[in-house]
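# Residue-level structure breakdown
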Amino acid sequence: MDPLLAVSEEVRTAVAERRPVVALESSLIVNGPAYPANAELSLDIEKAVRDRGAVPATIGIADGEFVVGMDADLIDRFASAKSIPKVSARDLGTVLAGGGLGATTVAGTVVPAVRAGIAVFSTAGIGGVHRRAQETFDVSADLQQFTRSRITVVCAGAKSILDLRLTAEYLETAGVPVLGYRTDTLPAFYVRESEVPVSRVDNLTVAARATRLHWEVNGDRSVLLTAPIDEQDALDGDEIERAIQAALVEADRAGVRGNAISPFLMRALTEVTAGRSAAATRAVLLSTARVAGEFAVALAATPGER
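Residues numbered from 1 in each chain as written. Predicted model: local features only at pLDDT ≥ 70, side-chain atom pairs only at ≥ 80, totals over all residues. Heavy atoms only, no water.

### Some words on the overall build of the protein chain
If you tally the helices and strands in the protein chain, you get 13 helices and 11 strands. For the protein chain, the spread of C-alpha atoms along the three principal axes comes to 55 × 40 × 35 Å. By the burial criterion, 54% of the 306 residues in the protein chain qualify as buried. For the protein chain, the computed accessible surface area is about 13,500 Å², with 51% contributed by carbon and sulfur atoms. Placing the 31 positive and 39 negative side-chain charges of the protein chain at their respective mean positions leaves the two points 2 Å apart. (Helix = DSSP H or I, 4+ residues; strand = E, 2+ residues; numbered from the N terminus. Buried < 20%, exposed > 50% of the residue type's maximum accessible area, 1.4 Å probe, protein only. Areas by Shrake-Rupley, 256 points an atom, 1.4 Å probe, with all protein chains shown as cover. Lys, Arg positive; Asp, Glu negative; His and termini not counted. Charge placed at Lys NZ, Arg CZ, Asp CG, Glu CD.)

### Section: the sheet that holds strand E11 (residues 223-226)
On the basis of which strands lie adjacent, the open sheet formed by nine strands has the order E1-E4-E3-E2-E7-E8-E11-E9-E10 and mixed pairing. Only two strands of the sheet have a single partner each, and these edge strands are strand E1 (5-7) and strand E10 (199-201). On average, each strand axis in the sheet is inclined to that of its neighbour by 30°, with strand direction left out of account. Pairing analysis gives four bridges linking strand E2 (residues 21-24) to strand E3 (residues 55-62), with the strands arranged parallel. Within E3, the position partnered with Ala 23 by the bridge is Ala 57. (Pairing = 2+ DSSP bridges. Axes fitted to C-alpha atoms, helices over the stretch in contact; angles between N-to-C directions.)

### What to know about the nonpolar core
In this structure, Val 68, Ile 118, Phe 146, Tyr 190, Leu 225 and Phe 295 are the most contacted members of the largest nonpolar core, which totals 107 residues. A total of 12 residues in this core trace back to one element, the largest contributor, which is helix H13 (residues 276-300). Excluding anything up to four places from it in sequence, Phe 295 contacts Val 120, Thr 152, Val 154, Leu 204, Ala 207, Ala 208, Thr 211 and Leu 225. (Core = buried A, V, L, I, M, F, W, Y, C linked by side-chain atoms within 4.5 Å. Contact = heavy atoms within 4.5 Å.)

### Brief notes about the pairing of E11
Taking every second residue as pointing to the same face, both faces of E11 are buried, with Val 223 and Leu 225 on one and Leu 224 and Thr 226 on the other. Summarising the sheet, strand E8 (residues 152-155) and E11 pair through four bridges and their orientation is parallel. In the sheet register, Cys 155 faces E11, and the bridge partner there is Thr 226.

### Description of the packing of helix H11 (residues 237-254) against helix H12 (residues 261-272)
For any two helices packed against each other, one specifies the inter-axial angle together with the distance between the axes. Where H11 contacts H12, the axes come no closer than 9 Å and their chain directions differ by 130°. Here H11 is positioned oblique relative to H12, judged by the angle of their axes. The chirality of how H11 crosses H12 is right-handed. Here Glu 239, Ile 240, Ala 243, Ile 244, Ala 247, Leu 248, Glu 250 and Ala 251 of H11 lie close against H12, whose contacting residues are Ile 261, Phe 264, Leu 265, Ala 268, Leu 269 and Val 272. Of the residues contributing to the contact of H11 with H12, the split by class is 12 nonpolar, no polar and two charged. (Parallel < 35°, antiparallel > 145°, perpendicular 65-115°, else oblique. Left-handed = near helix turned anticlockwise from the far one by under 90°. Nonpolar A, V, L, I, M, F, W, Y, C, P; charged D, E, K, R; others polar.)

### Considerations on unusual backbone geometry
Looking along the chain, the bond that leaves Tyr 35 and enters Pro 36 is cis, with omega of 5°. Counting through the fold element by element, Pro 36 comes out in the loop between helix H2 (27-31) and helix H3 (37-51). At Arg 18, a position not held by glycine, the phi torsion is positive, near 60°. Mapped onto the fold, Arg 18 is located in the loop between helix H1 (9-16) and E2. What makes Arg 18 partly exposed here is its relative accessible area of 46%. Residue Arg 182 is not a glycine yet carries a positive backbone phi of 60°. Along the chain, Arg 182 falls in the loop between strand E9 (178-181) and E10.

Listed below in C-alpha cells is the structure:
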C-alpha cells in the first residue's frame with residue numbers, strides 16, 4: 001500500500017487484473033473553459049477513453065495525497081474552485097505537504113500514474129523546447145520526466161508555439177522514441193503536420209509491441225505515441241506559423257523576454273484564430289483520449305512486465 005496514493009476501487013482493480021487503464025491530467029480542468037463546461041469536458045474525455053474499452057483515471061492532488069481516479073464530485077470541486085495551482089514534477093512535494101488541491105500537468109501526472117502501475121497517459125500536447133530556448137533555456141519539465149518514467153504518452157505532438165525541431169532533437173538525445181500513428185511527421189497540437197519526421201506506425205498492436213520491446217531493451221523511458229487531430233477539426237499550419245512569426249516580431253518591439261514569450265504567443269494565436277483554437281483544443285483532447293483508450297487495450301493484450 002502506497003501512503004501517498006488514493007486509488008479508486010475501479011482503477012485499483014483494473015491495474016491488478018492487468019486491464020487497460022489510461023491516466024488523465026487534472027490541469028486541463030482548471031485551465032479549460034469556464035465552469036461548468038470544464039467539468040463536462042473532463043467527463044467527456046473520460047467517456048472517450050471508456051468507449052474504447054479502457055478505464056479512465058483522472059489524477060490530481062487533494063488532502064496530501066495523489067488521487068488516482070477522481071470521482072465526479074472531486075472533478076466538480078476542481079472545476080468550480082478558484083486558484084488551484086498547476087503542479088509540475090518539481091512542485092509535487094510542496095503541494096502534497098500543503099494538504100490542499102493541486103492540478104497536475106503532464107510531468108506532474110506521469111509521476112503518480114507510474115507509481116500506481118498505469119502504463120498509458122493521454123494529453124492533448126506535450127511541452128517541449130520553447131522558441132528562443134538558446135537564449136532563455138526555457139525547456140519544459142515534461143521532456144526530462146520522460147527520461148525517468150516507463151509510460152506511453154499519447155498526444156497530438158507538441159504545441160505549435162514550441163520549437164518542434166529542437167523538441168525532437170532533445171527527445172532523440174534522451175532516447176525517447178516518438179511514434180506517429182498514421183502520420184509521417186510530428187503533429188503540432190491543433191495542426192496535423194510539421195516538417196519534423198517521426199517513425200510511422202499504422203497499427204496499434206505494432207505500436208504496443210514496439211513499446212514493450214523498447215522498455216525491455218532500453219529501461220525506464222517513456223514512449224511518445226503521437227496522433228494528429230482529426231482533419232475536420234485542424235487549424236491551418238501556415239496561418240498559425242505566420243501568426244507566431246508576427247507575434248515574435250511584436251514581442252521584440254514590446255520588450256517581451258524569457259519565459260514571458262510563450263504566454264505572449266498563446267494570446268496572439270487566440271486572437272488570430274478568433275476562438276477557433278478553443279474548439280480545436282477540445283477536439284484534440286477527445287481524439288487523443290480515444291486513441292489512448294484503443295492503445296491501452298492493445299498494450300494490455302501484448303505480453304510484457306506491465
